[in-house]
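# Structural overview for review
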Amino acid sequence: MALALGPAAVTGARPVLQVVLGSLAWFCAILYTYLYNGCMDCPEDRVNGSTRPIASGRLSPRTALAVARGAAVAALVLSACAGVGTLLLCALLLLLGYGYSAPRTGWKNSTPTAMGVVFCSGLLTYAAGPVALGIRPTMPALLLTALAMSLWMALVGAVVKDFSDIKGDAAAGRRTWAVTLGERRTGVLVAVGACLVGGGFTAGAARWAPHLLPTAGAVLVGALVLAAVVLTVRSTDSRARRRRPYRVFMGTQMCAHLSLIGQAAAV
């Protein structure tokens, strides 16, 4: 994100140690979120034939839960050392991760609430970088990138991840779009959402941040590829084939961030 932050990143930067602590805190918070989710999703994952470590038996749920709790504590301690702002953002991320998977809240059980969690988590993540640097996250390029990529995760990633898990989700009583609407109609919604995000990001970059056009272009191309792939998914396909839209989503996200890193390194 250095390219999006611009010269102000130099004038307001905090000591390197605080930035490192903030990064480690965020890693621990994400680790907690994924491990806790894996523990709570274990029954459904086994129905789906998932090869995830917990579902496949390579990692016991008890051990995973203990590590997850330790990661949450570490996230809070490290973020507190990094600063009040980082601590607040990290605490919010942990709460979202808990609410997403916890049986009492189960925000993962419906697509709209899952999308909301993913979108807010994305915004928190993009805010955490500049906050750790001691910079206000209000620059147009940063705001545009944060909004576009958070929408990409919410409107696309949070939906296509369910395509390969319909059997287990239905058995668990979840009401995701993939379960209630089916792959075909959900695929149309994803294709429209992906193209809107890619097109909107490109238009916004052309208007407010031309240096982000390579990144926005990567998202637009990925959106078009994903739209073509997701519309071919059928319920009779193998799990690996139904996983393809998610792989395209992840590949696009990685390419977009590699583009940002590449441009920043070239400056």
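In the block above lies the structure referred to throughout.
Cut-offs applied
Residues numbered from 1 in each chain as written. Predicted model: local features only at pLDDT ≥ 70, side-chain atom pairs only at ≥ 80, totals over all residues. Heavy atoms only, no water. Phe/Tyr/Trp six-rings, centres within 6.5 Å; stacked < 30°, edge-to-face > 60°. Helix = DSSP H or I, 4+ residues; strand = E, 2+ residues; numbered from the N terminus. Buried < 20%, exposed > 50% of the residue type's maximum accessible area, 1.4 Å probe, protein only. Axes fitted to C-alpha atoms, helices over the stretch in contact; angles between N-to-C directions. Parallel < 35°, antiparallel > 145°, perpendicular 65-115°, else oblique. Left-handed = near helix turned anticlockwise from the far one by under 90°. Contact = heavy atoms within 4.5 Å. Nonpolar A, V, L, I, M, F, W, Y, C, P; charged D, E, K, R; others polar. Core = buried A, V, L, I, M, F, W, Y, C linked by side-chain atoms within 4.5 Å. Salt bridge = Lys/Arg side-chain N within 4 Å of Asp/Glu carboxyl O. Expected span 1.5 Å × (residues − 1). Arc of directions from axis to C-beta.

### Considerations on the packing of aromatic side chains
- If you walk through the whole model with that rule in mind, you get 4 aromatic pairs.
- Seen in terms of ring centroids, Y36 and Y98 are 5.7 Å apart; in terms of plane orientation they differ by 15°. Their pairing is stacked. You can see Y36 sitting in helix α3 (residues 16-40) and its partner Y98 sitting in helix α7 (residues 84-101), a full 62 residues away along the chain.
- For Y36, a relative accessible area of 9% puts it in the buried group.
- On the basis of relative accessibility, which here comes to 40%, the residue Y98 falls in the partly exposed class.
- Geometrically, the ring pair formed by Y246 and F249 is tilted, given 5.5 Å between the ring centres and 40° between the ring planes. Taken together, the positions of Y246 and F249, both in helix α15 (residues 244-266) and 3 residues apart, correspond to about one turn of that helix. A single burial state applies to Y246 and to F249, both of which are buried.
- What links up through ring pairs into an aromatic cluster is the set Y32, Y36 and Y98.

### Here we look at the packing of α7 against helix α8 (residues 111-133)
- For the pair α7 and α8, the least separation of the axes is 10 Å and the interaxial angle reads 160°. Classified by the angle their axes make, α7 and α8 are roughly antiparallel. Once α7 is placed against α8, the crossing between them reads as left-handed. Contacts from G85, T86, L89, L92, L93, L96 and Y100 of α7 reach α8 at A114, V117, C120, S121, L124, A127, A128, V131 and A132.
- Each residue belonging to the contact of α7 with α8 can be placed in one class, and the counts come to 13 nonpolar, 3 polar and no charged.

### Points about the nonpolar core
- W152, V156, L226 and F249 are the most contacted members of the largest nonpolar core, which has 37 residues in total.
- Elements supplying a minimum of two residues to this core: α8, α9 (140-160), α12 (182-208), α13 (213-230) and α15.
- When residues in this core are grouped by element, the largest group, 12 residues, is from α9.
- Ignoring anything within four residues of it in the chain, the contact list for L226 reads W152, V156, V190, A194, P245, V248 and F249.
- In this structure, L21, C28, C39 and A71 belong to the second largest nonpolar core, which totals 32 residues.

### A word on the environment of V248
- Turning to its location among the elements, V248 is positioned in helix α15.
- Through-space distance from the C-alpha of V248 to that of G222 is 6.9 Å; in sequence the pair is 26 residues apart.
- Aside from chain neighbours lying at most four places away, what touches V248 is G222, V225, L226 and V229.

### Description of the pattern of salt bridges
- This structure, assessed with the given rule, holds 8 salt bridges.
- One salt bridge in this structure joins R174 and D41, with 2.7 Å as the shortest N-O distance. Linking R174 in the loop between α10 (166-171) and α11 (177-180) with D41 in the loop between α3 and α4 (42-48), this pair joins segments that are 133 residues apart in sequence.
- Among the ionic pairs, D237 bridges to R241, the shortest N-O distance being 3.5 Å.
- What you see here is one network of salt bridges that share partners, running through D41, E44, K108, D169 and R174.

### A word on the environment of Y100
- Here Y100 lies in helix α7.
- The contact partners of Y100, leaving out residues within four places of it in the chain, are N37, G106, W107, K108, A114, V117 and K161.

### Quick word on helix α6 (residues 61-82)
- In this model, α6 (22 residues) spans 31 Å end to end at C-alpha, consistent with the 32 Å of a helix rising 1.5 Å per residue.
- Buried residues of α6: A64, L65, A68, A71, A72, A75, L78, S79 and A82, and no others. For α6, the angular spread of buried residues about the axis comes to 155°, placing them on one side. Facing away from the buried side of α6, by more than 90 degrees, are the exposed residues R62, R69 and V73.
- In this structure, the buried side of α6 is in contact with α3, α5 (53-56) and α7.
- One or two steps after α6, the chain reaches G83, where phi turns positive at roughly 135°.

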